[in-house]
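One letter stands for each residue in the lines below.
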Amino acid sequence: MDKNQLNSGVMAEKQAAQPLFALADCNNFYVSCERVFQPHLEDKPVVVLSNNDGCVVARSNEAKKLGLPMGAPAFKWKDFFIRHKVFVFSSNYALYSDMSDRVMNVLASFAPEIEIYSHDEAFLSLSGNRSTDPETYARRIRREVRKCTGIPVSIGLGNTKTLAKAANKLAKSTPEFQGVFDLGQCPDRDRYLKSLQAKDIWGIGPRYARLLQGHGLYTAYDLKESNQAWIRKKLTVAGLQTVLELQGVPCVDLETQPQPAKSMVRSRSFGRPVTELSELREALSSHVHSAARRLRANGQIAGNLQVFLQTNRFKPEPQYSPCLSTCLPRATNHTQPLLTAALKLLQRIYKKGFAFQKTGVLLTDLQPEFVRQLTFWEAGAKDQESAGQLMKTLDHINARYGKDTLRYACAGFEKNWEMRRGKMSPEYTTRWPDIPRVKA
DNA sequence: TCTGGGGTCCTAGGACCC
DNA sequence: TCTGGGGTCCTAGGACCC
């Protein structure tokens, strides 16, 4: 074996010892979900709006090309939508989360270790897979997801999660790569890092990007080569990890087990300004109802509850956005005590004369149900048991017949404050009447 | 008229204790 | 009369993510 062969052998070994991550990210996920069931939207500008039909949260490439920015308030762009024949949808979360499950199932079949990072993204560990070239393997994954779900994904590969993220960005923005790019084996990695802006890197938001620019650091490469002590001081330990990960030093592990939530928020903007306490009570009750249900589904209980109100910050009127929290006498996931506590707090922070835009509830001190600390004045075990039974029955009926079949009357019936969702597509995959029909 | 919602982590600073 | 300093815990606020 000559020296070159020896070197390449050592290199191969070194490479095999390094971890390899893939980041699979669905392209314009919400838009892609709509397109699966309305194929005529392919090649057309399409956007999906946030709750309340407020902002643009997903754009097709065609919509991006028209210059429509992320987060654009829909009402300001109404004429633009008409002028450019943009197809507009309200958020259809039932559809998106079902499609997400399908995509994740396919991805999971390709790697023993997977971290579902969000609705439309997952990290896969490809470290063990050395029989196939990683890029070839990634292309196979991509084809399979498309075939099974109709959703297009892009895949980035790298020796750290941050590099996999960066590779994904390049895979998406460079058509020649056809949806897959590998920064792990890439011999001129720095050249590509120079082509990415610092703000394109995972963990660098707008504030940090501005700070970096002020110090002459513009590209991902600049960031990678920056002074670590300065980064540690200005961007905290998380920023330092980002720099190390860009250098190929893994700092962030794959989290294959979802971590239990530490807090939970339920809130919604109103469809119109709300001034009356009675309506705020209804809206808040419905948020508490929803939070409690989620808590029970997660097998958790909450020890602390916070209620907040918000006036519309875009209005020139006087603002009043109070919040108040309380330690629950007994950590719980039962709707009734949570409702009682929340409505009491609302009563205390409410002020007449303000037009509120939003209310919500924040549950913290979440713990697993089974470790609950008993209090000295604990109600009889029998009472607790029957309250638990009641919740179980409530959840069971709502799971079977729809989530609002049984609910507390204080959540209201007219719901004049409810959000707008004027342009919703059918729940094609989760509601019997909405299942698409095929004409022979 | 209409400007989203749901999370996590880190740090600084205050309160409190010895 | 002199009025220290270190540790811990908690919270608010600021940054980030999707």
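Heads up: the structure comes first, above all this text.
Residues numbered from 1 in each chain as written. Chains lettered and ligands numbered in written order. Predicted model: local features only at pLDDT ≥ 70, side-chain atom pairs only at ≥ 80, totals over all residues. Heavy atoms only, no water.

Caption draft 1: View of the protein's contact with DNA strand C. Of all residues adjacent to DNA strand C, which total 13 residues, the nearest are Lys 165, Gly 203, Gly 205, Arg 207 and Tyr 208. A share of 100% of the atoms of DNA strand C within 4 Å of the protein falls on sugar and phosphate groups. In this structure, a phosphate oxygen belonging to DNA strand C sits 3.1 Å away from a main-chain N or O atom of Gly 205. Interatomic distance of 2.3 Å between a side-chain N/O atom of Arg 207 and a phosphate oxygen of DNA strand C. Elements with a contribution of two residues or more to the surface near DNA strand C: strand 5 (114–118) and helix 9 (206–214). Of all the elements, helix 9 adds the most residues to the surface near DNA strand C, at three residues. Broken down by class, the residue content of the surface near DNA strand C amounts to six nonpolar, three polar and four charged. (Near = heavy atom within 4 Å. Polar contact = N/O pair within 3.5 Å; in protein donor to acceptor, adjacent residues only side chain to side chain. Helix = DSSP H or I, 4+ residues; strand = E, 2+ residues; numbered from the N terminus. Nonpolar A, V, L, I, M, F, W, Y, C, P; charged D, E, K, R; others polar.)

Caption draft 2: Expanded view of the packing of aromatic side chains. A full pass over the atoms with the stated rule returns 17 aromatic pairs. Aromatic pair Tyr 30 and Tyr 93: ring centres 6.1 Å apart, planes at 85 degrees, arrangement edge-to-face. Of the two residues, Tyr 30 is situated in helix 2 (residues 29–37) and Tyr 93 in helix 5 (residues 93–108); the sequence distance between them amounts to 63 residues. On the accessibility criterion, Tyr 30 (18% relative accessible area) is buried. By relative accessible area, which is 30% here, Tyr 93 ends up partly exposed. With a centroid separation of 6.2 Å and 55 degrees between ring planes, the pair formed by Tyr 320 and Phe 356 is classed as tilted. Pair noted here: Tyr 320 is in the loop between strand 10 (300–311) and strand 11 (323–332) and Phe 356 is in strand 12 (residues 356–364), with a separation of 36 residues, a long-range link. The pair formed by Tyr 320 and Phe 356 is uniform in burial state, with each residue classed as buried. One cation-aromatic arrangement involves Arg 191 over Tyr 192; the distance from NZ or CZ to the ring centre is 4.7 Å. (Phe/Tyr/Trp six-rings, centres within 6.5 Å; stacked < 30°, edge-to-face > 60°. Buried < 20%, exposed > 50% of the residue type's maximum accessible area, 1.4 Å probe, protein only. Lys NZ or Arg CZ within 6 Å of the ring centre and 35° of its normal.)

Caption draft 3: How the structure looks around the sheet that holds strand 8 (residues 180–182). Read from one edge of the open sheet, five strands run 5-6-1-7-8, paired in mixed fashion. Every other strand in the sheet has two partners, leaving strand 5 and strand 8 as the edge strands with one partner each. Pairwise comparison of adjacent strand axes, ignoring direction, gives a mean angle of 15 degrees for this sheet. Strand direction decides the pairing type here: strand 5 and strand 6 (residues 121–125), joined by four bridges, are antiparallel. When the bridges of strand 6 are listed, Ile 114 appears paired with Leu 124. Against the sheet, helix 6 (residues 134–149) engages strand 6, strand 7 (153–158) and strand 8, with an angle of about 160 degrees to strand 7. (Pairing = 2+ DSSP bridges. Axes fitted to C-alpha atoms, helices over the stretch in contact; angles between N-to-C directions. Contact = heavy atoms within 4.5 Å.)

Caption draft 4: Main features of the packing of helix 12 (residues 277–298) against helix 13 (residues 335–349). Packing of helix 12 against helix 13 leaves a shortest axis separation of 9 Å and a crossing angle of 145 degrees. Crossing geometry of helix 12 relative to helix 13 is assigned as right-handed. Contacts between helix 12 and helix 13 involve Leu 277, Leu 280, Arg 281, Leu 284, Ser 285, Val 288, His 289, Ala 292, Leu 295 and Arg 296 on the former and, on the latter, Thr 335, Leu 338, Leu 339, Ala 342, Leu 343, Leu 346 and Gln 347. Partitioning the contact of helix 12 with helix 13 into residue classes produces eleven nonpolar, four polar and two charged. (Left-handed = near helix turned anticlockwise from the far one by under 90°.)

Caption draft 5: Spotlight on the protein's contact with DNA strand B. Surveying the vicinity of DNA strand B reveals 26 residues, the closest of which are Ser 50, Lys 262, Val 265, Ser 269 and Lys 358. What you see for DNA strand B is that sugar and phosphate hold 72% of its atoms within 4 Å of the protein. Measuring from a phosphate oxygen of DNA strand B, one finds a side-chain N or O atom of Lys 262 at 2.8 Å. For DNA strand B, a phosphate oxygen lies 2.9 Å from a polar atom in the side chain of Ser 263. At the level of elements, helix 11 (228–246), strand 9 (264–274) and strand 12 are the ones that each hand at least two residues to the surface near DNA strand B. In terms of residue count, the dominant contributor to the surface near DNA strand B is strand 9 (seven residues). Class assignment of the residues belonging to the surface near DNA strand B gives a composition of nine nonpolar, eight polar and nine charged.

Caption draft 6: Representation of the environment of Ala 58 in the model. Relative to the helices and strands, Ala 58 is located in strand 3 (residues 56–59). Looking at Ala 58, the relative accessible area reads 7%, which means it is buried. Separated by 39 residues in the primary sequence, Ala 58 and Pro 19 have C-alpha atoms spaced 32 Å apart. Sequence-distant contacts of Ala 58, that is, excluding residues within four places in its chain, are made with Tyr 30, Val 31, Val 46, Val 47 and Val 48.

Caption draft 7: Representation of the side chain of Ser 100 within the structure. Position of Ser 100 among the secondary structure elements: in helix 5. Here the side chain of Ser 100 touches His 119 through a polar contact of 2.7 Å, landing on its backbone oxygen. Sequence-distant contacts of Ser 100, defined by excluding residues within four places in its chain, comprise Phe 29 and His 119.

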